[in-house]
Each structure stands twice: as C-alpha cells, then as structure tokens.
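The chain contents come next:
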Amino acid sequence: MSILFIFTGGTIGSTAGESCISLDGNKPRALIEAYEKKYGSIGEYDVLAPYSMLSENNTGETVKQLAETVTENIGRGYDGIIVAHGTDTLQYTAAALGYAVGNDSIPVCVVSSNFPLDDERANALGNLYGAVRIISDRLGRGVFVPYKNTNGTLRVHRGTRLLSSRAFSDDVDSVCGKFFGEFDCNGKFLPNAQYSENKDEIAAFPCENLKSDCPEILRLSSYVGMTYPTLDEQVKCVIFESYHSGTVNTLSDKAEKFFLDAENKSIPVFITGAPDGKSYESTLKYGEWGCIPVSDIAPIALYMKLWLAISNNINPVEIAGKSLGGDIII
C-alpha cells in the first residue's frame, strides 16, 4: 500500500504551549510515528506540505492550493491520499475537495484532531486509523472524513455532507444523519443502511480560478430581529440558511423587500433546510418571492459548490441540484 500524506497545519499539526496552541513543524513526523506505534506499519508513504496554518485562516487561495496538490497527485500510483487539516474549516475544505475530484478517484481522506496530539483527549490517531482503513480495505472512492465523536463512535462521512459544527462541540455530523458508515469497537466497518448516493451528474470543478474570497455569494442566516443588507452589483446568488423547520420570518416587510429585490435583479436565493412535502404556511411565500428551497444538500457544501461554479462561469442554478461527490441526499 502506498499513501500520500498532505499536511496543512491545524490542531493536528500543533502543540499546546503555556499560553496558546501553535503550529509545530515536527508534528507530521510525530503523528505518523504515534500511529505506527499503536497500529503498526502504514506501509510506503510520501509527505507533502504545500502550506502550514491554523485552519481558521484558510481562504479560497489555500483551498485552491490544496485542491491542486491533491488532483496533481491522484494519478501518480498512490492507493490513497490523506490530508491532515484543522477542524474549524474542515467542512469547507472537504466539500471543495469532493467537488474537485468527484467520486471516481482514489480515496482522499481528510483527517483532523479535536485536540493537539499530545493531549490524551485527542482523536487524531483514531481518525487516522479510519483513513488508513478506508484506503487499505478499499471501502470507497472519492473524498471521506473519518471522525471519532465524543461518544467514541468512529464514523466515516462523505466530504460533501458535513454540517457546521455546533458551538462548544468538537463533534462532526453528516446532514440528515446520512453518513457513509462506521467502525465498531472491534474495527469492523459497518456500512450505514440509510446511506445512498447518485453517480456524479456533472463534471468535477477545477479550483484554479478560486480567489481569496467570494463577494459574488451573499450568505445569510435567520435570526430574530434580522436586518437585511443591500444587494450590490457584485452579488450573483444568495444562500439563506433557514430556521431548523425550513422557515424564515415571512411577515417581515424587510424580508419581503429583500427577496423581491433579489427576484427583480435576477439574483437566485437558495433557502437551505427547507423540507420536502408539507411545511408551514409561511413557506408558501417562497414561491411568491421567487426563492429556491433546497432540502437535499448541506449548507456549507452548497456554498462551496456555488463558489466553484461561479469561479468557472457556470450558472449556479443549473448545477445546484445535480449530484457531485455524493453531495445530494437521497
């Protein structure tokens, strides 16, 4: 077995000092040594480090750099690629990689840690174990995120299905509970019976045109007493994250003005979290206001998908609902 490790920094590449947690250039070697001491030899491997930073500082440029490093090495004889990454922006990078390689590639596993490796609470080795098993056992193709939550369960997630982490929590979850599978306490992989995916319906996106930020996408989240920004000429689409039941305040005059302004300017508004089937009366306004309810994709994945579409001059409305990298929930 031959694996390419790509280290990018993050908690998994950091050490806790007296006053803060900071990057440590020795951690890549220490991580692999600690893994082999606990689980045995990984086999043949190479190591790359295109950049090193805490993941909260990631931008579109670092996503581009990482995605290009991954795609350049997919056809070079490796059985799989393991990307060591921070947890804060894990979901964004995993989704971007999922869209950059699709599901017809060698496995690419994004591995992180909730605490620095030296901390006994760290799940780094467990997460790395999951990644190595995905590759060695050929459990699937495309991008995966193996992650052990605080309940001790080591689950494998599709890179394009991750939800935002909850405040004050280290746990990682898939949208609608549709994770790929999990390892039991004996190391046996158990596929999730509720998991299914479509084949890729569109081509993978090149990341070469990603800029540092994306002013073309306005991303909003519902909250009580909400105010609405003005839609300037840069905005090409809006992602509006609803309340958990798929609703927004449709009695608000400010909301009506905002949504109708978007419709008049031909700016699509995607409302994430809107459920299929019967819903609350307030959601009837979505049709009147020209909104596009989205019920089958994680909000972060949709954001990265639309960003990549726009950067490649592709109409976001045309691809939002087409499966790529296992993102569409079925």
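Rules of the game
- Residues numbered from 1 in each chain as written.
- Predicted model: local features only at pLDDT ≥ 70, side-chain atom pairs only at ≥ 80, totals over all residues.
- Heavy atoms only, no water.
- Pairing = 2+ DSSP bridges.
- Helix = DSSP H or I, 4+ residues; strand = E, 2+ residues; numbered from the N terminus.
- Axes fitted to C-alpha atoms, helices over the stretch in contact; angles between N-to-C directions.
- Expected span 1.5 Å × (residues − 1).
- Buried < 20%, exposed > 50% of the residue type's maximum accessible area, 1.4 Å probe, protein only.
- Core = buried A, V, L, I, M, F, W, Y, C linked by side-chain atoms within 4.5 Å.
- Contact = heavy atoms within 4.5 Å.
- Parallel < 35°, antiparallel > 145°, perpendicular 65-115°, else oblique.

**A look at the sheet that holds strand β8 (residues 154–158)**
Taken in spatial order, the eight strands make up an open sheet running β4-β1-β5-β6-β7-β8-β9-β10, and their pairing is mixed. Looking at which strands have only one partner, the edges of the open sheet turn out to be β4 (44–48) and β10 (189–191). For this sheet the average axis-to-axis angle between neighbouring strands, irrespective of direction, equals 25°. Examined bridge by bridge, strand β7 (residues 143–148) and β8 share five bridges and lie antiparallel to one another. The residue of β8 that forms the bridge with Tyr147 is Arg155.

**A closer look at helix α4 (residues 124–136)**
Taking 1.5 Å of rise per residue, 13 residues should cover 18 Å, and α4 covers 18 Å from first to last C-alpha, within 8% of that figure. Burial of α4 is extensive: 12 of the 13 residues sit out of reach of the surface. Every buried residue of α4 is accounted for by Ala124, Leu125, Gly126, Asn127, Leu128, Tyr129, Gly130, Ala131, Val132, Arg133, Ile134 and Ile135. Positive phi shows up at Arg138, right after α4, with a value of about 50°.

**Quick word on the nonpolar core**
Formed by 54 residues in total, the largest nonpolar core has its most connected members in Val70, Leu97, Tyr99, Ile217, Met304 and Leu306. Of all the elements in the fold, those that place two or more residues in this core are β1 (2–7), α2 (60–73), β5 (80–84), α3 (90–101), β6 (108–111), β7, β12 (237–241) and α7 (299–311). By residue number, the principal contributor to this core is α7, which donates 10 residues. Excluding its chain neighbours within four sequence positions, the residues that come into contact with Ile217 are Cys237, Ile239, Tyr303, Leu306, Trp307 and Ile310. Counting 28 residues, the second-largest nonpolar core is a separate cluster that includes Ile3, Ile32, Leu154 and Val156.

**Things to note about the packing of helix α1 (residues 27–39) against α4**
The N-to-C vectors of α1 and α4 enclose an angle of 75°; their axes lie 10 Å apart at closest approach. The angle between α1 and α4 falls in the class roughly perpendicular. Each of Leu31, Ala34, Tyr35, Lys38 and Tyr39 in α1 lies in contact with α4, whose residues at this interface are Ala124, Leu125, Gly126, Leu128, Tyr129 and Val132.

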